[in-house]
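Understanding the architecture of this molecule
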Amino acid sequence: MTSPDDITRLLAASRLGDDGAAAQLAPLIYGELRRIAHSRLAASAADATLCTTALVHEAFLRLLGSKASFPDRGHFYAYAASAMRSIAVDHARRRQAQRRGGDRSAVMLDEHDDEHPGPDRVLALDQALRQLGACDARLCQLVEWRVFGGLALSEIAPLLGVTDRTLKRDWRKARALLAHLLETAPAPAP
């Protein structure tokens, strides 16, 4: 079993150009990214064109192509959460464009159609997060890392530099604000 310190150590070694560390790191982070993506997609409504594997592979490719440096495991998974959110939103926008007469044809990426968010739900959440971010950037970051990254509150607190107690209050506040924003959001166009 690999500890979070091992992942942090491998991230640092990989950042310094150690190809052996990068090779050891890949299967460790891939498994965690897959777990995160699966849990996020399984909790949402169905959209049969985005699956766990596709989301993980896209995020993995973005992470590998990134020039960002990650001081520790928590920062890495926070960045991964942002990448997954971006991928899901881009995918939902493409799906909506197709529904509105776009000339692209749907491509099935996986046969698991019971574990994917619908484009309307993803876009509504993205819009609500943008509104939340305009009011309070920290709350938006918290939701993104928690919902899209699957990070525990105890992992997020040090990333944001706040206490666990403060973060629990922020989490309650963010959920309430998002619920309100999602309730008052206009219905998506057919």
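Residues numbered from 1 in each chain as written. Predicted model: local features only at pLDDT ≥ 70, side-chain atom pairs only at ≥ 80, totals over all residues. Heavy atoms only, no water.

Quick notes on helix 7 (residues 153-160)
Using the following cut-off: Relative accessible area decides the class of each residue, using a 1.4 Å probe on protein chains only: under 20% of the type maximum gives buried, over 50% gives exposed, and in between gives partly exposed. Secondary structure follows DSSP: runs of H or I at least 4 residues long count as helices, runs of E at least 2 residues long count as strands, and numbering of each begins at the N terminus. Note that the arc is computed from the directions linking the helix axis to the C-beta atoms.
What helix 7 keeps buried is the set L153, I156, A157, L159 and L160. Seen along its axis, helix 7 keeps its buried residues to an arc of 170°; they face one direction. The positive-phi residue at the C-terminal boundary of helix 7 is G161, with phi of around 70°.

Considerations on a positive patch on the surface
Applied cut-off: Any residue with relative accessible area above 30% and no salt bridge may belong to a patch, with like charges joined within 9 Å and the nonpolar Val, Leu, Ile, Met, Phe, Trp and Tyr side chains within 5 Å. For every accessible area listed, the method is Shrake-Rupley and the probe measures 1.4 Å; residues are considered covered only by the protein chains on display. One side-chain nitrogen of Lys or Arg within 4 Å of one carboxyl oxygen of Asp or Glu is enough to make a salt bridge. Working convention for charge: Lys and Arg count positive, Asp and Glu count negative, and His plus the chain ends are omitted. Charged groups are reduced to one reference atom each: NZ for lysine, CZ for arginine, CG for aspartic acid, CD for glutamic acid.
Taken together, the side chains of R165, K168, R169, R172 and R175 make up a positively charged region of the molecular surface. Mapped onto the elements of the fold, R172 is located in helix 8 (residues 164-184).

Focus: the environment of D6
Take D6: it is sitting in helix 1 (residues 4-15). Between the C-alpha atoms of D6 and L25, which are 19 residues apart in sequence, the distance is 9.0 Å.

Focus on the packing of aromatic side chains
Note the cut-off: Only Phe, Tyr and Trp rings take part, Trp by its six-membered ring, and two of them pair if their centres are within 6.5 Å. Stacked means planes under 30 degrees apart, edge-to-face means over 60, and tilted covers everything else. The rule for a charge over a ring is simple: NZ of Lys or CZ of Arg within 6 Å of the ring centre, and within 35 degrees of the ring normal.
Tallied over the entire structure, the rule returns one aromatic pair. Geometrically, the ring pair formed by F76 and Y77 is edge-to-face, given 5.1 Å between the ring centres and 75° between the ring planes. For the pair F76 and Y77, a shared accessibility class is recorded, and that class is buried. For R146, the ring lying beneath its charged end belongs to W171, and the centroid distance is 5.2 Å.

Observations regarding the nonpolar core
Rule in force here: As used in this record, nonpolar core signifies buried Ala, Val, Leu, Ile, Met, Phe, Trp, Tyr and Cys residues forming a set joined through side-chain atoms within 4.5 Å. We call two residues contacting when some pair of their heavy atoms lies within 4.5 Å.
Counting 52 residues, the largest nonpolar core has L33, Y77, L132, W145 and L167 as the members making the most contacts within it. Looking at this core, the elements that each hand over two or more residues are helix 1, helix 2 (19-42), helix 3 (52-65), helix 4 (73-99), helix 5 (119-135), helix 6 (137-148), helix 7 and helix 8. Among the elements that take part in this core, helix 4 stands out by supplying ten residues, more than any other. Excluding its chain neighbours within four sequence positions, the residues that come into contact with Y77 are I7, L28, I29, E32, L33, I36 and L151.

Points about the confidence of the model for the chain
The criterion, for reference: pLDDT runs from 0 to 100 and stands for how confident the predictor is about each residue.
The share of residues in the chain with pLDDT of 70 or more is 78%, and the mean pLDDT across the chain is 76. For the chain, helix 3 is the element with the lowest average pLDDT, namely 77, and helix 8 is the one with the highest, namely 90. In this model residues 103-116 is a low-confidence stretch, pLDDT under 50, and it forms 31 contacts with partners more than four residues away in sequence or in other chains.

Quick look at helix 6
Residue pairs three or four apart in sequence face the same way in an α-helix, which turns once every 3.6 residues. This is how it is decided: A helix is expected to span 1.5 Å for every residue after the first. Polar contact criterion, stated in full: a pair of N or O atoms within 3.5 Å, where within protein one must be able to donate a hydrogen and the other to accept it, and residues adjacent in sequence count only if both atoms are side-chain atoms.
A rise of 1.5 Å per residue sets the reference length of helix 6, with its twelve residues, at 16 Å; its end C-alpha atoms lie 16 Å apart and thus fit the reference within 8%. Along helix 6, the positions that sit buried rather than exposed are L139, C140, L142, V143, E144, W145 and F148. Between a side-chain oxygen at the N-terminus of helix 6 and the backbone nitrogen of R138 the separation is 3.1 Å; the capping residue is D136. Residue G150 follows helix 6 closely and has a positive phi angle near 70°.

A word on the pattern of salt bridges
Side-chain pairs of opposite charge can arise where the charged atoms are in close proximity. Under the definition given, this model contains five salt bridges. A salt bridge links D126 to R85; the nearest nitrogen and oxygen atoms lie 2.7 Å apart. Here D126 is found in helix 5, whereas its partner R85 is found in helix 4, with 41 residues between them in sequence. With a shortest N-O distance of 3.0 Å, D126 and R130 are connected by a salt bridge. Placement of both D126 and R130 in helix 5 is noted, with a separation of four residues, approximately one turn of the helix.

Focus on the side chain of R73
With respect to the helices, strands and loops of the structure, R73 is situated in helix 4. With relative accessibility at 17%, the residue R73 sits in the buried group. Beyond its immediate chain neighbours, meaning those up to four positions away, R73 contacts P4, I7, T8, L11, E32 and E155.

Here's the deal with the packing of helix 6 against helix 7
Our working definition: For helices, the fitted axis covers only the stretch in contact; all axes are lines through C-alpha atoms, and the angles between them, taken along N-to-C directions, range from 0 to 180 degrees. Each angle is binned into one of four classes, with values under 35 degrees roughly parallel, values over 145 roughly antiparallel, values of 65 to 115 roughly perpendicular, and all other values oblique. By convention the crossing between two helices is left-handed if the near helix lies anticlockwise of the far one by an angle smaller than a right angle, and right-handed if it lies clockwise.
For the pair helix 6 and helix 7, the least separation of the axes is 10 Å and the interaxial angle reads 140°. By the criterion of interaxial angle, the relationship of helix 6 to helix 7 is oblique. The handedness of the crossing between helix 6 and helix 7 comes out as right-handed. Residues R138, Q141, L142, W145 and R146 of helix 6 form the contact with helix 7, whose participating residues are L153, I156, L159 and L160.

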